[in-house]
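# Commentary on secondary and tertiary structure
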Amino acid sequence: MPERRLAVLISGRGSNMEALARAAADPGYPAEIVLVLSSKANAAGLETAAAMGLPTLAIPAREHPTRESFDAALTAALEAHGAEAIALAGFLRILTPGFIRRWQGRIVNIHPSLLPKYPGLDTHARALAAGDTMAGCTVHIVTETLDDGPVLARAQVPVLPADTPETLAARVLAAEHRLYPHALADFLRTLPPSGNPGAAPMR
Ligand code: GRF
């Protein structure tokens, strides 16, 4: 099966992007990363991606007056790079329904909780406040509802008695780096080609 053309969307550190890029460097991996796109010009992950030889682009969200114009710029860049699928990796923007419909069933996200528990922010503090004994992360398909959509995979880690949000976040992040490349690969192997009208033959 040919490799799927994958774009990775980031806003910051980019450690999940790096985990995906390391996996995708293996010739047997079912994706080629055609673009690492950041919503922030100063995202550290852009430098990491460039150092790994990946194409990078910043589309600063703050330069767009509306979410619709930002998302239209995203789609234009994704189409220009022939993207067939999108992996969100610490992308701190809520996507518009129009964008999600354009890329229906082709956007995947990783979230640092065991969804459906704790959608949204501050997941580790919320897990600690609730007295949870297990925490973790979830890879899911993106739908129009935030941190919802069909679950592709979850990974669990223990919550330890002395945990702070920071120590728990670090343990979950290590699990994210293990889970995301595998869950994404399984998903991409089931994905039909293209999905990119820009790449489709003329009729
Ligand atoms: C990760 O915890 C991810 O689950 C969440 O944002 C964080 C991004 O970290 N969506 P990084 O930029 O991949 O290092």
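Sequence order sets the numbering: in each chain, residues are counted from 1 along the sequence as written. With pLDDT at 70 or above as the cut-off, local features in this predicted model cover only qualifying residues; side-chain atom pairs require 80 or more to be listed or tallied, and sums for whole chains, interfaces and linings still use all residues. Only heavy atoms go into the side-chain values, all of them from the structure, while hydrogens and water stay out.

## A look at the overall build of the protein chain
In plain terms, the rule: To qualify as a helix, a DSSP run of H or I must reach at least 4 residues; to qualify as a strand, a run of E must reach at least 2; elements of each kind are numbered from the N terminus. Computation of the radius of gyration draws on C-alpha atoms alone. For the globule rule, the value is 2.2 Å times the number of residues to the power 0.38. Only protein chains enter the area calculation, which uses a 1.4 Å probe; residues under 20% of their type maximum are buried, those over 50% are exposed, and those in between are partly exposed. Residues scored as positive are Lys and Arg, those scored as negative are Asp and Glu, and His as well as the terminal groups of each chain are ignored. Charge positions are represented by NZ for Lys, CZ for Arg, CG for Asp and CD for Glu.
Of regular secondary structure, the protein chain possesses 6 helices and 7 strands. Listing each helix as α and each strand as β along the protein chain from the N terminus yields β-α-β-α-β-α-β-α-β-α-β-β-α. The C-alpha radius of gyration computed for the protein chain amounts to 17 Å, which stays within 12% of the reference 17 Å derived for 203 residues, consistent with globular compactness. For the C-alpha atoms alone, the extent of the protein chain along its principal axes is close to 60 × 40 × 35 Å. Residues classed as buried in the protein chain amount to 48% of the 203 residues present. A distance of 2 Å separates the average location of the 18 positive side-chain charges in the protein chain from that of its 19 negative side-chain charges.

## Re unusual backbone geometry
At the junction of L115 and P116, the peptide bond is cis and its omega measures out at 15 degrees in the coordinates. Within the secondary structure, P116 is located in the loop between β5 (107-111) and α5 (123-129). Despite not being glycine, Y118 shows a phi value in the positive range, around 55 degrees. Assignment of secondary structure puts Y118 in the loop between β5 and α5. For Y118, a relative accessible area of 16% corresponds to the buried category.

## Concerning the sheet that holds strand β4 (residues 85-88)
Keep this limit in mind: In short, DSSP must find at least two bridges between two strands for them to pair. Every axis in this analysis is a line fitted to C-alpha atoms, fitted for helices over the stretch in contact. Angles between the N-to-C directions lie between 0 and 180 degrees. We call two residues contacting when some pair of their heavy atoms lies within 4.5 Å.
If you trace the 7 strands from one edge of the open sheet to the other, you get β3-β2-β1-β4-β5-β6-β7, paired in mixed fashion. Whereas interior strands pair on both sides, the edge strands pair on one side only; in this sheet they are β3 (56-58) and β7 (151-158). Ignoring strand direction, the axes of neighbouring strands in this sheet form an average angle of 20 degrees. For strand β6 (residues 134-141) and β7, the ladder comprises 7 bridges, and the chain directions are antiparallel. Looking at the pairing, G136 lines up with Q156 of β7. The strands touched by helix α1 (residues 15-24) within the sheet are β1 (4-10), β2 (31-38), β4 and β5, with β2 carrying the most contacts at an inclination of about 160 degrees.

## Details of the packing of aromatic side chains
Here is the rule we go by: Two rings from Phe, Tyr or Trp (for Trp, the six-membered ring) form a pair when their centres sit within 6.5 Å of each other. Planes less than 30 degrees apart are called stacked, planes more than 60 degrees apart edge-to-face, and all others tilted.
For the structure on display, the rule yields 2 aromatic pairs. Look at F70 and F91: their rings are 6.4 Å apart centre to centre, the planes differ by 15 degrees, and that puts the pair in the stacked class. Of this pair, F70 sits in helix α3 (residues 67-80) while F91 sits in the loop between β4 and α4 (97-102); the two residues are 21 residues apart in sequence, bridging distant segments of the chain. Side by side, F70 and F91 carry an identical accessibility label, which is buried. Taking the centre distance of 6.4 Å and the plane angle of 40 degrees together, the rings of F99 and W103 count as tilted. An identical accessibility class is assigned to F99 and W103; each is buried.

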